[in-house]
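Okay, here's what each chain looks like letter by letter:
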Amino acid sequence: MPVDIRLIDAAFAPGSAIDAFAAAHPQAGGIASFTGQVRVEEDVLALELSHYAPLTLPGMTALGDDVLARWPLAGLLIWHRTGLLHPAEPIVLVVAAARHRRDAFQAADYAMDHLKSDAWFWKREQRSDGWHWIEPREQDHADLARWRVGDGAA
Amino acid sequence: MPVDIRLIDAAFAPGSAIDAFAAAHPQAGGIASFTGQVRVEEDVLALELSHYAPLTLPGMTALGDDVLARWPLAGLLIWHRTGLLHPAEPIVLVVAAARHRRDAFQAADYAMDHLKSDAWFWKREQRSDGWHWIEPREQDHADLARWRVGDGAA
Amino acid sequence: MITLVFLGRLAEQAGGPTRQLPAPLDWAGLLGALDTGLAAQVASDRVRLALNGGLLADKTQLRAEAGDEVALLPPVSGG
Amino acid sequence: MITLVFLGRLAEQAGGPTRQLPAPLDWAGLLGALDTGLAAQVASDRVRLALNGGLLADKTQLRAEAGDEVALLPPVSGG
């Protein structure tokens, strides 16, 4: 099965996942990955990710189908953490394997840009003065808009 | 030191390098990577990469400086294999860590596109009927040309 | 009964992640069952509703029956 | 002596990765020291020269002295 989409409730090592994924797709010449991790910042003690199961995993699965329909990939992996995360822990891992480099890069980039609109996660940060919800970012809208002009040729 | 540029003469595991790199840059929110590996194809027994030391490593180092000047990165890793490689072994690994996702993606993408013009490698494949040199590809020129229009905004 | 599921900051404001309401339930009934501050937020353009896991294109057309789950979804967090 | 270093397929065509030539050496001397097929390739636009690790902008201006290394660089392989 070329698509590996998971919600994960415990810490994981992206490197092991990337190596296993690369080994599973030996016909692919290129593997692009993106890891998002909890930034180590002063006064951020923890990050909590909540989701709504009936929407979140179907959203990620639909995104996977969309990505596979847009680029000729050998494989695609989308893993997203839920629950309580500590600084420096990975939050999200996207890996795309393809025969050609550009397809792998674009697929991973597109998946990351769309993960936030197609998968539903709410995040709050624990600081010394308590918990704070993280708001939507304007940059996310700009990132998404890139793909509407020229259809992936960016 | 934020830049890790190496010519490597033995097999390596990209995942371990990516995890170590991510751990070394905890202030970065995003880590983009690209691994190029020897495709497992019928009748390809081995790949040999030769280089010219006085040009190749300085070329990679200059490329690293160029990438760091273009994007605000927490760190950059460029590793390239030399010598005799077997199918499924990694040839090249580029990893970029940045506070913002787009910077990490673009830096890794740019480094890969320029590695072939700025670093000097000659490759030949061993097939059952002997060794065959790999010619330049038109696609490589097209990939490079992307960065000349709009200066990295692609 | 109908189960309301509050996500993100709405769970905090509602005092818990879920609440039960008697069936049936429509948009006016939902707003009426919430306190004023929460109702105003739910009514804003930024909050979406899902009925049994399906997003409603027009949340004012909500029609929930006994056993249904209605999720109240604030904007997702940036990244 | 001057050391010629043949890279990529030129090494195969030269019968080895290096060759020694007497100093001094200029462009005409280099072409004259190579057999016809190899000289034609080295003369083509696609092959570049490096003198002691520095690429020559105009290879016909080659001036190599005793102890110098002249590298003959065919186009690099695609990916």
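On a predicted model such as this, the values are computed, not experimentally measured, just so you know. (Residues numbered from 1 in each chain as written. Chains lettered and ligands numbered in written order. Predicted model: local features only at pLDDT ≥ 70, side-chain atom pairs only at ≥ 80, totals over all residues. Heavy atoms only, no water.)

Chemist: In this structure, what is going on with the sheet that holds strand β6 (residues 90–98) of chain B? I would like to understand it.
Modeler: Backbone hydrogen bonds hold the strands of a sheet together, and the pairing may be parallel or antiparallel. Strand order in the open sheet formed by 8 strands is β1(A)-β4(A)-β6(A)-β2(A)-β2(B)-β6(B)-β4(B)-β1(B), and the pairing between neighbours is mixed. With one partner strand each, in any of the chains shown, β1 (3–8) of chain A together with β1 (3–8) of chain B form the two edges of the open sheet. Across the sheet, the axes of successive neighbouring strands diverge by a mean angle of 5 degrees, strand direction being ignored. Its contacts with the sheet put helix α3 (residues 101–118) of chain B on β2 (30–37) of chain A together with β2 (30–37), β4 (73–81) and β6 of chain B, and the angle it makes with β6(B) is roughly 150 degrees. (Pairing = 2+ DSSP bridges. Helix = DSSP H or I, 4+ residues; strand = E, 2+ residues; numbered from the N terminus. Axes fitted to C-alpha atoms, helices over the stretch in contact; angles between N-to-C directions. Contact = heavy atoms within 4.5 Å.)

Chemist: Help me understand the interface of chain A and chain B in this model?
Modeler: By a widespread convention, an interface's size corresponds to the accessible area lost as its parts come together. Taken together, the 39 residues of chain A in the interface contact 39 residues of chain B. In total, chain A and chain B occlude about 3200 Å² of area from one another, counting both sides; carbon and sulfur atoms represent 46% of this. Applying the counting rule to chain A against chain B returns 8 salt bridges. For A:Asp109, the salt bridge goes to B:Arg102, with nearest N and O atoms at 3.0 Å. At the junction of chain A and chain B, the tally comes to 23 residue pairs in polar contact (both at pLDDT 80 or more). Of all elements in the fold, only α1 (14–24), β2, α3 (101–118) and α4 (138–146) of chain A reach the threshold of two or more residues within the side of chain A that touches chain B. (Buried area = accessible area lost by both parts, 1.4 Å probe. Salt bridge = Lys/Arg side-chain N within 4 Å of Asp/Glu carboxyl O. Polar contact = N/O pair within 3.5 Å; in protein donor to acceptor, adjacent residues only side chain to side chain.)

Chemist: Just checking my understanding: could you explain the packing of aromatic side chains for this structure?
Modeler: Here the distance between the centres and the angle between the planes together describe a pair of aromatic rings. Residue and element names in this part refer to chain A. By the definition in use, this model includes 12 aromatic pairs over all chains. Ring plane angle 75 degrees and centroid distance 5.5 Å describe the contact between Phe12 and Trp79, whose orientation is recorded as edge-to-face. Placement of Phe12 in the loop between β1 and α1 and of Trp79 in strand β4 (residues 73–81) is noted, with a sequence separation of 67 residues between them. Under the relative-accessibility criterion, Phe12 is labelled buried at 13%. Given a relative accessible area of 10%, Trp79 falls into the buried group. Relative to Tyr110, the ring of Trp71 has its centre 5.2 Å away and its plane inclined at 65 degrees; by these criteria the two rings are edge-to-face. Placement of the pair is Trp71 in the loop between α2 (53–70) and β4 and Tyr110 in helix α3, with a sequence separation of 39 residues. Residue Trp71 is classed as buried on the basis of its relative accessible area, which comes to 7%. Members of the aromatic cluster, each reached through a chain of ring pairs, are Trp71, Tyr110 and Trp147. (Phe/Tyr/Trp six-rings, centres within 6.5 Å; stacked < 30°, edge-to-face > 60°. Buried < 20%, exposed > 50% of the residue type's maximum accessible area, 1.4 Å probe, protein only.)

Chemist: I'm lost on the relation of the copies chain A and chain B in this one. Help?
Modeler: The pair of chain copies shares a relation made of a rotation about an axis and a shift along it. Structural alignment of chain A on chain B gives an RMSD of 0.0 Å, achieved by rotating through 180 degrees and translating 0.0 Å along the axis. A rotation of that kind, with that shift, is consistent with a two-fold axis. Judged by C-alpha distance, A:Gly15 is the residue of chain A that lies nearest the rotation axis, at 1.7 Å. (Least-squares fit on C-alpha atoms with pLDDT ≥ 70 in both.)

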